[in-house]
Number of protein chains: 2
Amino acid sequence: MRWHAPQKASGSYSCSSNSHNMTTKQDLEAIENQISTIQVSSHGETVNPGLAHGGLKAVEKGRNWGWLLSGFISLNILLLGIPIVCGSVFNKIQITSSHLLIFLILLVILTTVWLVYYKIHTSRVYRAVLYKDSHAGPVWLRGGLVLFGVCSVIMDIFKIIYYVGRIHCESPVKIAFPVVQALFVIVQTYVLWVHAKDCVQIQQIVTRCGLMLTLSTNLIVWMTAVTEESLHQTVAPANPSYNSSSSGGYKIDVTSQDRAGASDCKCSHDMCDVFEKAYYYLYPFNIEYSLFASAMAYVMWKNVGRQMDEHHSHNLHFSLWDVLVGPVFGLIILVAGLATFVVYEVDVAKEDPKKKEEALIMHYIMNIVAILLMSITTLIGCIIFRMDKREQVSGKNPTRSLDVGLLVGASLGQFLICYFTIVAVLASGVKGHVNGLNLTNSILTVIQLCLQNAFLIKGLHREPFRETETTTVFANVVAVRERDPERRSSSIVPAHTLPIPLTLLQGQLSWQRRILKEICGFLLFCNVILWIMPAFGARPQFDNSVGSDIFEFETWAAVVNIGMPFGIFYRMHSVASLFEVGLAS
Amino acid sequence: MRWHAPQKASGSYSCSSNSHNMTTKQDLEAIENQISTIQVSSHGETVNPGLAHGGLKAVEKGRNWGWLLSGFISLNILLLGIPIVCGSVFNKIQITSSHLLIFLILLVILTTVWLVYYKIHTSRVYRAVLYKDSHAGPVWLRGGLVLFGVCSVIMDIFKIIYYVGRIHCESPVKIAFPVVQALFVIVQTYVLWVHAKDCVQIQQIVTRCGLMLTLSTNLIVWMTAVTEESLHQTVAPANPSYNSSSSGGYKIDVTSQDRAGASDCKCSHDMCDVFEKAYYYLYPFNIEYSLFASAMAYVMWKNVGRQMDEHHSHNLHFSLWDVLVGPVFGLIILVAGLATFVVYEVDVAKEDPKKKEEALIMHYIMNIVAILLMSITTLIGCIIFRMDKREQVSGKNPTRSLDVGLLVGASLGQFLICYFTIVAVLASGVKGHVNGLNLTNSILTVIQLCLQNAFLIKGLHREPFRETETTTVFANVVAVRERDPERRSSSIVPAHTLPIPLTLLQGQLSWQRRILKEICGFLLFCNVILWIMPAFGARPQFDNSVGSDIFEFETWAAVVNIGMPFGIFYRMHSVASLFEVGLAS
């Protein structure tokens with residue numbers, strides 16, 4: 001079985017890629033830049049063709065102001081959204097969830113209108129999209145978008161059915177929002193699928209603003225979903241058997257008040273409970289959908305007005321049979337994790353303190369084993385990278401920068417939870433098995449996060465392996481020189497700094513590559529199970545009272561509820577990055 | 001009166017600066033890069049001089065791993081610090097402020113040891129510092145560092161005296177920390193003053209880690225100071241006359257409990273109260289000191305291993321008499337602001353609801369007038385930038401990137417408070433004068449922040465004006481060509497896109513420059529007063545109950561206490577940036 005996956009992000013920037021032709025590319029870009037400026041100006045843009053020598057600057061100036069304007073629009077929408085979301089949580093009288101939904105409906109409709117306008121008008125104008133960024137919107141991202149998009153639409157349908165049953169006592173806005181959202185998801189998925197790689201050249205200011213609007217809308221939808229999901233997960237331990245700290249009453253008040261309001265309202269059909277449960281299980285997918293869409297909108301925004309040479313979309317052949325041991329061990333961990341997760345959820349729901357403690361111990365042991373194995377393999381991977389002689393990729397690439405930024409940024413959530421746990425357990429005096437395991441688990445997770453981040457950052461910045469490497473390296477040098485004879489002396493890395501001929505390393509490389517692929521396969525499955533557990537409701541942080549005992553319950557809930565969505569996204573994103581690193585190894 | 005200020009950040013990157021010689025510089029850098037690699041390798045570094053062609057890569061690899069390692073060290077210290085700071089606020093039993101102080105003392109001592117090691121050993125090694133970054137550590141930053149450092153040391157002395165009077169009932173750690181901190185401030189200020197511009201070439205991994213340790217220590221000290229200061233400011237309204245919302249009791253509990261503990265302990269000398277008040281007034285300076293030191297450590301970290309040409313430290317002549325109207329109006333606003341601020345503080349302290357309302361109205365009107373004038377002048381400045389034909393600065397410059405990042409990042413704090421206020425006032429139905437003024441003030445502040453950010457970003461990215469510009473522009477082109485005849489055709493911006501000869505614009509430029517300088521002068525003083533008011537304790541957000549009525553008191557306190565320090569820093573930083581933009585205009 002052989003896969004043909006497009007090469008991306010960590011990938012090369014040109015067929016004849018080697019860091020030597022970077023400066024050449026800049027020059028080519030500069031020339032193309034000017035040509036296109038003159039061309040664009042002759043198509044009725046603001047630039048006066050007679051003043052072509054000022055054209056480049058005018059375009060650049062427009063680009064900068066558009067950049068600022070769209071940034072401020074996005075900033076303001078997001079910062080307006082935060083207090084409305086907060087208000088709808090903490091203040092049920094003056095700021096209700098209906099207000100929030102109306103705000104969301106307005107945003108979603110506005111974004112949908114822009115997306116339709118972009119599809120129908122902007123993208124069809126002659127020479128609107130001169131270039132495509134081959135790194136943007138790789139297949140796994142677009143595939144994920146469609147998958148999560150389908151789940152989101154199903155979630156919206158369930159929500160509609162649920163709220164139709166309660167139409168006599170709930171605001172009609174609660175039905176309107178899922179309807180509008182489903183439409184938005186369909187339109188957005190289609191537009192992003194088709195246009196993710198576009199480098200738009202016309203109407204740059206409008207396009208930038210539109211993309212930033214799309215980004216903000218998705219982030220606000222994400223924020224709302226995360227808040228709802230977190231409140232839902234935080235309600236769970238608020239049952240009588242939960243031995244919370246004295247201050248734990250506050251959050252329960254809010255939610256029980258909410259519940260009380262809900263229980264007054266009888267559903268007109270029997271299926272309400274089923275649909276409510278079902279749509280909560282689909283929340284994690286909707287959350288990921290919003291993030292995927294945001295990431296793609298951001299990359300498109302970065303690519304507005306970008307100029308590049310087009311001919312570097314070539315495929316990497318990836319044979320699944322190359323790797324076996326890693327994925328098999330990974331699958332074992334995955335299955336074991338799923339089994340313990342199901343047992344854990346069942347035992348925790350039983351409200352028996354003894355059962356609960358056993359469930360926690362089992363959960364922590366499972367996690368410790370998985371994370372320990374992951375740390376060891378990741379460390380081996382880092383050592384191989386350190387020994388390896390392969391070139392670093394240089395050059396601008398918004399997709400890769402975003403990947404790395406999101407990875408490190410998202411891992412902060414999990415780091416934060418771990419450090420809060422470590423401090424809490426240490427402050428409580430580490431009594432009992434559960435606390436000891438909790439501490440071990442948190443410390444190991446911190447180590448694993450550091451190692452995995454280093455591994456992925458290094459992996460994403462490496463030159464991908466090419467099967468014909470030994471023959472092309474020198475051919476490239478010749479090609480570069482022929483293409484641009486004058487610049488021979490000025491390329492950034494002179495020819496004599498080239499690595500020692502790769503044939504000498506070929507034997508060594510193949511076992512290194514094999515091990516790297518195995519490691520990526522193993523880590524991939526491990527990250528999947530570490531994603532599934534919190535995404536589908538495992539909250540040992542609340543089932544274990546140490547955190548809420550040491551910190552106020554509210555502080556603890558805030559840390560967990562803010563950190564957890566990022567942690568979940570981190571695991572999800574790691575899976576994608578590992579897939580990519582594995583392909584390029 | 002004429003000032004000689006060194007030109008920086010937004011400044012040029014070379015004497016003969018014009019964007020044309022960028023690529024040339026890259027080449028020069030590449031060559032120097034190699035030369036220094038070979039030189040460094042002959043001084044006993046890991047690189048084998050015999051394998052000079054692999055040297056560059058090895059150095060780069062070391063740089064990358066050092067980069068990752070130091071990043072992770074900093075991340076982990078910061079993330080460990082957050083729960084300890086949180087714990088010492090919310091949990092007074094298992095995590096006391098003594099624990100936090102012990103953690104801080106360890107960090108501060110470790111950092112001091114590294115700073116001494118760097119000064120005594122690293123910086124003295126032959127060829128350790130081959131290059132200096134002329135943009136790093138400009139005079140205003142180093143001057144500010146010394147000024148705030150002196151204030152910090154005075155604060156520490158006051159603290160020592162205060163805690164010596166209470167030694168019989170407080171932990172000795174409370175005296176130890178200010179002693180260690182004073183020493184640290186003195187050592188750090190000296191080292192940063194002397195070495196801020198260094199581009200360290202040896203022991204890169206150790207140096208990077210040391211600089212990141214310095215950065216983290218300063219940020220944790222900052223975080224602690226901000227938390228203490230916020231708690232201090234939040235206590236103020238917790239007096240009986242404060243008509244807080246029902247949930248306001250919680251925070252007051254925490255602080256009154258703290259107070260109760262404090263009042264049990266009698267001071268052994270009479271001056272305790274005086275010194276306590278005095279050191280709280282010095283907190284804002286200590287907070288700024290930590291941020292200044294962090295910024296300088298970060299720029300040094302970015303400059304580790306950087307190679308550049310040295311000869312571009314030249315002075316800009318700045319005549320104070322060029323500008324008059326702007327600074328005079330700015331001073332009027334400053335004096336008026338100071339007067340209303342004093343009246344406000346006195347009236348609010350009187351605990352008479354009517355007086356308080358009058359004080360709030362006066363405060364808001366003062367703010368609205370200042371911010372309205374600022375918005376209008378900033379808008380004029382933006383329009384002039386838009387009309388202006390001056391080149392954008394390109395090229396790498398960590399100082400400038402940091403400036404812009406900090407500016408936008410810090411403004412988020414104030415944005416957040418404004419949007420929370422807007423939503424709260426709208427949700428409350430905008431009743432009464434105070435609410436109306438509060439709403440107007442918040443909306444205007446949002447607009448002003450957007451405009452000022454745009455103005456400063458644009459201003460920092462402009463080519464600075466040079467008095468001999470008309471003669472040098474063409475001389476530069478010639479110089480560039482002569483220096484590098486082969487590259488004529490490949491410079492990024494070909495010669496024919498040069499601006500129209502500047503003599504034609506000279507008349508126009510001079511009034512534009514004059515207006516820009518006036519605007520910067522005016523905005524500078526306005527930002528000073530907007531810094532002074534919150535930094536020295538004006539908290540209309542708590543004196544006005546609308547925020548804590550609509551949101552929970554805790555949410556509101558969290559938003560204000562997190563957003564305010566950033567807002568204060570933003571105003572401070574704007575002053576510095578405006579000074580720079582004014583100089584370069």
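Here the structure is shown first, and the text comes after it.
These numbers come from a predicted model, not from an experiment.

The next point concerns the overall build of chain A. Of regular secondary structure, chain A possesses 17 helices and four strands. A buried classification covers 59% of the 585 residues belonging to chain A. Across chain A, the fraction of contacts at a sequence separation of at least 24, relative to all contacts at a separation of at least 6, is 90%. For chain A, the accessible surface area stands at approximately 23500 Å², while carbon and sulfur atoms represent 68% of it.

Residue and element names in this part refer to chain A. Of note, Gln203 is a non-glycine position whose phi angle comes to about 45°, a positive value. For Gln203, the position within the fold is in the loop between β3 (198-200) and α6 (204-235). In this structure Gln203 comes out as partly exposed when scored by relative accessible area, which is 23%. Its identity is not glycine, yet Val430 carries a phi of approximately 45°, on the positive side.

Moving on to the side chain of Thr207 of chain B. Residue and element names in this part refer to chain B. Tracing the backbone shows Thr207 in helix α6 (residues 204-235). Assessed through its relative accessible area of 1%, Thr207 is described here as buried. Every residue in contact with Thr207, bar those within four places of it in the chain, is listed here: Trp114, Tyr118, Thr122, Val200, Ile202 and Val304.

So, on to the nonpolar core. One finds Phe415, Phe455 and Phe551 of chain A together with Ile220, Phe415, Phe455 and Phe551 of chain B to be the most contacted residues of the largest nonpolar core, which totals 278 residues. Sequence-distant contacts of Phe551 of chain A, that is, excluding residues within four places in its chain, are made with Phe420, Val423, Ala424 and Trp556 of chain A together with Pro83, Cys86, Gly87 and Ile95 of chain B.

As a further point, take the pattern of salt bridges. Residues and elements named next belong to chain A. As enumerated under the stated definition, the model contains 12 salt bridges over all chains in all. For the salt bridge of Arg166 with Glu170, the shortest nitrogen-to-oxygen distance reads 3.4 Å. Arg166 gets classed as buried once you look at its relative accessible area, which sits at 6%.

Residues and elements named next belong to chain B. Within the structure shown, the criterion is met by two disulfides over all chains. The residue that forms a disulfide with Cys267 is Cys272, at a sulfur-sulfur distance of 1.8 Å. Looking along the S-S bond of the Cys267-Cys272 disulfide, the torsion reads about 65°, which is the right-handed sense. Residue Cys267 is classed as partly exposed on the basis of its relative accessible area, which comes to 24%. Residue Cys272 is classed as buried on the basis of its relative accessible area of 4%.

Residue and element names in this part refer to chain A. All told, the structure shown has 40 aromatic pairs over all chains when counted by the stated rule. Centre to centre, the rings of Trp222 and Phe566 are 5.6 Å apart; their planes meet at 70°, and the pair counts as edge-to-face. With Trp222 in helix α6 and Phe566 in helix α17 (residues 553-584), the pair connects residues that are 344 residues apart, well separated along the chain. Among the residues examined, Phe566 registers a relative accessible area of 31% and is labelled partly exposed. Judged by centre distance (6.2 Å) and plane angle (80°), the ring pair of Trp531 and Phe536 falls under edge-to-face. Cation over ring: Arg142 sits above Trp193, and NZ or CZ is 4.9 Å from the ring centre.

Residue and element names in this part refer to chain A. Their axes nearest at 9 Å, the elements helix α3 (residues 97-120) and helix α5 (residues 173-195) cross at an angle of 30°. Judged by the angle between their axes, α3 and α5 are roughly parallel. Of the two elements, α3 crosses α5, and the hand of that crossing is left-handed. Across the contact of α3 with α5, the residue classes break down as 18 nonpolar, six polar and two charged.

What follows deals with a nonpolar patch on the surface. All names here are of chain A. Residues Val146, Val150, Ile154, Tyr190, Trp193 and Val194 make up a contiguous nonpolar surface patch of roughly 500 Å² in combined accessible area. Contributing elements (two or more residues each) for the nonpolar patch: α4 (139-164) and α5. With respect to the helices, strands and loops of the structure, Trp193 is situated in helix α5. Take Trp193: its relative accessible area is 40%, and that puts it in the partly exposed class.

The subject of this paragraph is helix α9 (residues 325-349) of chain A. Compared with the 36 Å implied by 1.5 Å per residue over 25 residues, the 36 Å span of α9 of chain A between its first and last C-alpha is a close match. Positive phi appears at Glu351 of chain A, one or two residues downstream of α9 of chain A, with a value of about 60°.

Attention now goes to the packing of helix α4 (residues 139-164) of chain B against helix α5 (residues 173-195) of chain B. Residues and elements named next belong to chain B. Direction vectors running N to C along α4 and α5 enclose 165°, while the axes themselves pass 9 Å from each other. When the axis of α4 is compared with that of α5, the two are roughly antiparallel. With respect to the hand of their crossing, α4 and α5 are arranged in left-handed fashion. Tallied by class, the residues present in the contact of α4 with α5 amount to 15 nonpolar, five polar and four charged.

Definitions and limits used
- Residues numbered from 1 in each chain as written.
- Chains lettered and ligands numbered in written order.
- Predicted model: local features only at pLDDT ≥ 70, side-chain atom pairs only at ≥ 80, totals over all residues.
- Heavy atoms only, no water.
- Helix = DSSP H or I, 4+ residues; strand = E, 2+ residues; numbered from the N terminus.
- Buried < 20%, exposed > 50% of the residue type's maximum accessible area, 1.4 Å probe, protein only.
- Contact = heavy atoms within 4.5 Å.
- Areas by Shrake-Rupley, 256 points an atom, 1.4 Å probe, with all protein chains shown as cover.
- Core = buried A, V, L, I, M, F, W, Y, C linked by side-chain atoms within 4.5 Å.
- Salt bridge = Lys/Arg side-chain N within 4 Å of Asp/Glu carboxyl O.
- Disulfide = S-S within 2.5 Å.
- Phe/Tyr/Trp six-rings, centres within 6.5 Å; stacked < 30°, edge-to-face > 60°.
- Lys NZ or Arg CZ within 6 Å of the ring centre and 35° of its normal.
- Axes fitted to C-alpha atoms, helices over the stretch in contact; angles between N-to-C directions.
- Parallel < 35°, antiparallel > 145°, perpendicular 65-115°, else oblique.
- Left-handed = near helix turned anticlockwise from the far one by under 90°.
- Nonpolar A, V, L, I, M, F, W, Y, C, P; charged D, E, K, R; others polar.
- Patch = residues over 30% accessible without salt bridge, like charges linked within 9 Å, V, L, I, M, F, W, Y side chains within 5 Å.
- Expected span 1.5 Å × (residues − 1).

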